Every structure is written in structure tokens, then in C-alpha cells.
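# Structural characterization, general
Residue-level listing of the chains:
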Amino acid sequence: MEIINNIDGNKATMEIIGWLDTQTAPQLGEELSKLSDDITSLVFDFAKLEYISSAGLRQVVSAYKKMSGKDGFKIINVSDEVFDVFKLTGFDQKINIEK
């Protein structure tokens, strides 16, 4: 998995490429822990995310919780396959997801 970070003022966008699974989820957790407290908006770009596991979902929910009370959190460019995982878990009802 590859993560491309783009910080623009207080907005961070993380483009996640490849598989977000048990092996790679800790890498995302590490990147999230590096985010400054000044970041008030976080966007995950899943245009090139091929697969997400429960371990990956945990990191996404962790990011969502970290951003609660701030300007926002959303996921963009989600494939049908990845969206199905969010829908099955009910997270699509909580998290702002754009296909």
C-alpha cells in the first residue's frame, strides 16, 4: 500500500493506493498519528484503493473519530466493491462517502 499525503492549510487529503488490510493498516495508523492537531478536515481518496479489510475499516473509523468535532471527514472516489464493505457494516450511514 502507498499513502500520498497532501496538506493544504488545515485540510489533509490522503490518497490510499492498493490494499488496506491487516498487513498495511498499521501504516495508515502511523500516518494518522503524524497529523498535526491543526488539521481540522481530513479526506481519504480511495480512487486507487482495491480492497479494504476489517483492519482497514478500524483505521478509517479511528480517523473518523479523531476528526469528530472538527470541520469534517469524508471519503471520496470509492469503488463499488469498497463501498459495499461500508454498506455491509453500516458505516455508510455514519461516514460521508462519495462514490
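Given the structure is predicted, the values throughout are model-derived calculations rather than measurements. (Residues numbered from 1 in each chain as written. Predicted model: local features only at pLDDT ≥ 70, side-chain atom pairs only at ≥ 80, totals over all residues. Heavy atoms only, no water.)

Right, let's get into the overall build of the protein chain. What the protein chain contains, in helices and strands, is three helices and six strands. The N-to-C order of helical and strand elements in the protein chain reads β-β-α-β-β-α-β-α-β. Relative to a compact globule of 99 residues, whose C-alpha radius of gyration would be 13 Å, the protein chain shows 12 Å and is just as compact. The principal-axis extent of the C-alpha atoms belonging to the protein chain is close to 30 × 25 × 20 Å. The 99 residues of the protein chain split such that 45% are buried. Relative to all contacts within the protein chain whose residues are 6 or more apart in sequence, the contacts with residues 24 or more apart total 64%. Carbon together with sulfur atoms contributes 45% to the accessible area of the protein chain, which is approximately 5600 Å² in total. (Helix = DSSP H or I, 4+ residues; strand = E, 2+ residues; numbered from the N terminus. Rg over C-alpha atoms; globule rule 2.2 N^0.38 Å. Buried < 20%, exposed > 50% of the residue type's maximum accessible area, 1.4 Å probe, protein only. Contact = heavy atoms within 4.5 Å. Areas by Shrake-Rupley, 256 points an atom, 1.4 Å probe, with all protein chains shown as cover.)

Among the ten residues in strand E2 (residues 11-20), seven count as buried, and that is most of the element. Direction of pairing for strand E1 (residues 2-8) relative to E2: antiparallel, over a ladder of seven bridges. Within E2, the position partnered with Glu2 by the bridge is Ile17. Strand direction decides the pairing type here: E2 and strand E3 (residues 41-45), joined by five bridges, are parallel. Across the sheet, residue Ala12 finds its bridge partner in E3, namely Leu42. The parallel pair E2 and E3 is bridged by helix H1 (residues 25-34), and the resulting crossover is right-handed. Of the pairings in the sheet, the one linking E2 to strand E4 (residues 49-52) comprises three bridges and is parallel in character. Bridged to Gly18 within E4 is Leu49. (Pairing = 2+ DSSP bridges. Right-handed = clockwise from strand over helix to strand, strands pointing away.)

Let us now look at the pairing of E3. In terms of burial, E3 is a largely internal element, five of the five residues being buried. Along E3, one buried face is formed by Ser41, Val43 and Asp45 and the opposite face, lined by Leu42 and Phe44, is buried too. Examined bridge by bridge, E3 and strand E5 (residues 72-76) share five bridges and lie parallel to one another. Within E5, the residue paired with Leu42 across the bridge is Phe73.

Quick look at unusual backbone geometry now. Of note, Asn77 is a non-glycine position whose phi angle comes to about 55°, a positive value. Here Asn77 shows up in the loop between E5 and helix H3 (80-89). The exposure class of Asn77 is partly exposed, given its relative accessible area of 35%.

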